[in-house]
Amino acid sequence: MIIQLRDSIFVGANVADKKKKMGLVKRLFLFGLVGFLGLLGVAFGGLYFASSSALAEERELAVEGIEIPEDDDDAVAHGKYLVDHVMGCSHSDCHQPDMGGGATIDAFPLGLVYAPNLTSGEGSVTKNYKPEDWVRTVRHGLKPDGTRALIMPSEDYWSFPDSDIGAVVSYIKSLPGVNRESKKHSLGPIGMLIVASEPVFAWEKIDHKAERPQASRGPTEEWGKVMIGACTGCHGATLSGGKIPGGDPSWPESRNITPDEATGIGNWEYEDFKNALQKGQRPDGATLHDAMPWKAYAGMQEDDVEALWKYLRTVPPKTSGGR
Ligand code: HEC
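Just so we're clear, the structure is a prediction, and the values are computed from it rather than from any experiment.

Colleague: Help me out: how do you make sense of the sheet that holds strand β3 (residues 186–187) in this one?
Modeller: Spatially, three strands are ordered β1-β2-β3 in an open sheet, and the strand pairing comes out antiparallel. Pairing within the sheet leaves two strands with one partner each, and these edge strands are β1 (102–107) and β3. Inspection of the sheet shows β1 paired to strand β2 (residues 111–115) by five bridges, in the antiparallel sense. Considered in β2, the bridge of Gly102 is made with Ala115.

Below, the structure written as C-alpha cells:
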C-alpha cells in the first residue's frame, strides 16, 4: 500500500514534470513555426518583387519595318506553313490553332502564362501593330510597350528572313478575328522563382546586333543554317541539348543533335533523322516526348528537312548536355 502510494506520488510528480516539458516543447515549436512562416513570407515577398520587376523591366531597340504582303495568296499559304509546321506558333499550348490565344502554362505552382490573341478580334494585342512592332516582338522578344515577352521563343525566329516574317504576319492578318480576352500572366511561387532566376526572356538570349545568315529556301546547308534557328531555343546554341530554360519542369532534357557518335546523332542516316523529326521515332524504337514538336514538324516540307540535316552534319560534335 505504502509502496503503491509512493509510486503514485512519484508518478504524479513525473506527470507534472512531463507537462512542463511538453509546454516548453510546444512553445518552442510554435516559435519555430512562426519564425519559419515569417521567413517564408519574406522569401515569397522577395520572389514576388523580383519576378514582377523582371516582368516590368523595359528595353529599347530601333528596328526597320518589313513588307507585309496584302491579298497575296502565296504569302498567306507560306505563312500558314511556317506557323503550323516550322515555327509552331499555332501549337495548342501556345497561341492555339485559331491564333486567338490561350494558356501556355496553367498549373499550380507554376501559375498562368498566357499566349495572347493575335487575330484582329476583341482581346487582340496586335490590332494596332505596325510592321516594326511585329519585327520587334517576333524576332527580338520585345513588346511595343518595351517589356520583354515571356516564354515566346523569339530566339527561334530571329534568323528567318523578312519574307518569312512578312508571310507569317500576312497569314495571321488573313484569319477571322477571334473574340477572346488576352489574359495577363499570373505566376505561382515556382513560376516566380523561374522568372527571377532563369533566362526565360528570349530578349536575353538573342545577339540583337549580329548579322542574320543570308540564304534562300532550298535543300542546302546554307538554308539549314537559317532553319536551325527554330531548334536552338530548345537544343541550345551548340545543339548538344540539356535542360530547356523556361520549359515545363516535366519536360525531358532536349537531346544532343550534333554529329557526336557516342551521345549525339553521329551514327544516324538521313532516314533516322527524318523519322525522329517527323514521326517522333528514334532508331532504337523509342517515341520522343511531345516537348519535341515532331507532330508539327510532320508537315515540314522535304527541302526544309534536308536543309536541316545537311547543316547538322557540319556542326562541331559535342558531348550531350553542353547546350
Ligand atoms: C520546344 C522544344 C524543342 C524544339 C523547338 C525542338 N526540339 Fe528537338 N527535342 C526536344 C526534346 C525535349 C527532345 C527529347 C525528347 C525525348 O527525349 O523524348 C528532342 C529530341 C530531338 C531529336 C531526337 C534526338 C535523339 O537522339 O533521339 C531530334 C533529331 C531533334 N529533337 C531535332 C530537332 C530539330 C531539327 C529541331 C528544329 C527544327 C528541334 N528538334 C526543335 C525539344 C525541342
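Colleague: Honestly, empty space enclosed by the protein in this entry has me stumped. Any pointers?
Modeller: Once rolled over the atoms, a probe with the size of a water molecule shows which space is left empty. Inspection of the entire model under this criterion finds two cavities of 30 Å³ or more. The computed volume of the largest cavity comes to approximately 110 Å³. Lining the largest cavity, in full, are Ile105, Leu110, Val113, Leu150, Ile151, Leu187, Gly191, Ile194, Val195, Val200, Gly246 and Gly247. The leading source of residues in the lining of the largest cavity is helix α5 (residues 189–197), at three residues. Split by residue class, the lining of the largest cavity holds nine nonpolar, three polar and no charged. What the second largest cavity holds in volume is close to 30 Å³. Lining the second largest cavity, in full, are Met227, Ala230, Cys231, Leu277, Tyr297, Met300 and Leu308. Classifying every residue of the lining of the second largest cavity gives seven nonpolar, no polar and no charged.

Colleague: I keep staring at helix α2 (residues 73–86) and nothing clicks. Help me out?
Modeller: Helical periodicity: at 3.6 residues per turn, an α-helix aligns residues three or four positions apart in one direction. The end-to-end C-alpha distance of α2, which contains 14 residues, comes to 19 Å, matching closely the 20 Å that a straight helix rising 1.5 Å per residue would cover. Among the residues of α2, Ala75, Gly79, Tyr81, Leu82, Val83, Asp84 and Val86 are the ones counted as buried. On its buried face, α2 is in contact with α4 (162–174), α7 (221–227), α8 (229–235), α10 (294–297) and α11 (302–312). The N-cap of α2, judged by a side-chain oxygen 3.1 Å from the amide nitrogen of Asp74 a few residues on, is Asp72. Phi turns positive one or two residues past the end of α2, at Gly88, with a value near 70°.

Colleague: It is not clear to me how the site of the ligand should be interpreted in this structure. Could you clarify?
Modeller: With respect to spatial proximity, 22 residues lie near the ligand, and among them Cys231, Cys234, His235, Arg282 and Met292 are the closest. For the ligand, a nitrogen atom lies 2.8 Å from a polar atom in the side chain of His235. Residue His289 places a main-chain N or O atom 2.8 Å away from an oxygen atom belonging to the ligand. Listing elements by their share of the shell around the ligand, those giving two or more residues are α8 and α9 (270–279). For the shell around the ligand, the element with the highest residue contribution is α8, accounting for four residues. Tallied by class, the residues present in the shell around the ligand amount to 16 nonpolar, three polar and three charged.

Colleague: What is the right way to look at the coordination of the iron atom of the ligand in this model?
Modeller: Each donor-metal-donor angle would ideally measure 109.5 degrees in four-coordinate tetrahedral geometry, or 90 or 180 degrees in six-coordinate octahedral geometry. Looking at the iron atom of the ligand, one finds its protein donor set to be His235 (NE2) and Met292 (SD), positioned 2.0 to 2.2 Å from the metal centre. Considering all six donor atoms around the iron atom of the ligand, angles at the metal cover 86 to 179° and the coordination shape is octahedral. One end of the pair, His235, is in helix α8; the other, Met292, is in the loop between α9 and α10, with 57 residues separating them in the sequence.

Colleague: Is there a simple way to think about the domain arrangement of the protein in this case?
Modeller: When the domains of the protein are assigned, the result is domain 1 (64–203) and domain 2 (213–323). Once you take the C-alpha centre of each, domain 1 and domain 2 turn out to be 23 Å apart. Taken together, the contact between domain 1 and domain 2 spans 19 residues of the former and 19 residues of the latter. Taken together, both faces of the contact between domain 1 and domain 2 bury some 1,600 Å²; the carbon and sulfur share is 57%. Between domain 1 and domain 2 we count one salt bridge in total. In this structure, the salt-bridge partner of Arg217 is Asp164, at a minimum N-O distance of 3.2 Å. Remark: the boundary between domain 1 and domain 2 carries eight residue pairs in polar contact (both at pLDDT 80 or more). Of the residues that constitute the side of domain 1 that touches domain 2, the class distribution is eleven nonpolar, three polar and five charged.

Colleague: Would you explain the packing of aromatic side chains in this entry?
Modeller: Here a ring pair, both rings aromatic, is described through the centre-centre distance and the interplanar angle of the planes. The tally for this structure, following the rule as stated, stands at three aromatic pairs. A centroid spacing of 6.2 Å and a plane angle of 55° characterise the contact between Tyr270 and Trp309, whose relative ring orientation is tilted. Taken together, the positions of Tyr270 in helix α9 and Trp309 in helix α11 put the pair 39 residues apart, joining distant regions of the chain. A relative accessible area of 18% places Tyr270 in the buried class. Exposure remark for Trp309: the relative accessible area of 11% places this residue in the buried category. Between Phe273 and Trp309, the ring centres sit 5.3 Å apart and the planes meet at 35°, which makes this aromatic pair tilted.

Scoring rules and cut-offs
- Residues numbered from 1 in each chain as written.
- Predicted model: local features only at pLDDT ≥ 70, side-chain atom pairs only at ≥ 80, totals over all residues.
- Heavy atoms only, no water.
- Pairing = 2+ DSSP bridges.
- Helix = DSSP H or I, 4+ residues; strand = E, 2+ residues; numbered from the N terminus.
- 1 Å grid on protein atoms, 1.4 Å probe; cavity = no way out; pocket = protein on both sides within 12 Å on 5 of 7 lines; lining within 4 Å.
- Points joined across faces, edges and corners; volume = space filled by probe spheres on them.
- Nonpolar A, V, L, I, M, F, W, Y, C, P; charged D, E, K, R; others polar.
- Expected span 1.5 Å × (residues − 1).
- Buried < 20%, exposed > 50% of the residue type's maximum accessible area, 1.4 Å probe, protein only.
- Contact = heavy atoms within 4.5 Å.
- Polar contact = N/O pair within 3.5 Å; in protein donor to acceptor, adjacent residues only side chain to side chain.
- Near = heavy atom within 4 Å.
- Donors = N, O, S within 2.8 Å, 3.2 Å for Na, K, Ca; no water.
- Tetrahedral: all angles 85-135°; square planar, octahedral: opposite > 155°, others 65-115°.
- Domains from an automatic or database assignment.
- Buried area = accessible area lost by both parts, 1.4 Å probe.
- Salt bridge = Lys/Arg side-chain N within 4 Å of Asp/Glu carboxyl O.
- Phe/Tyr/Trp six-rings, centres within 6.5 Å; stacked < 30°, edge-to-face > 60°.

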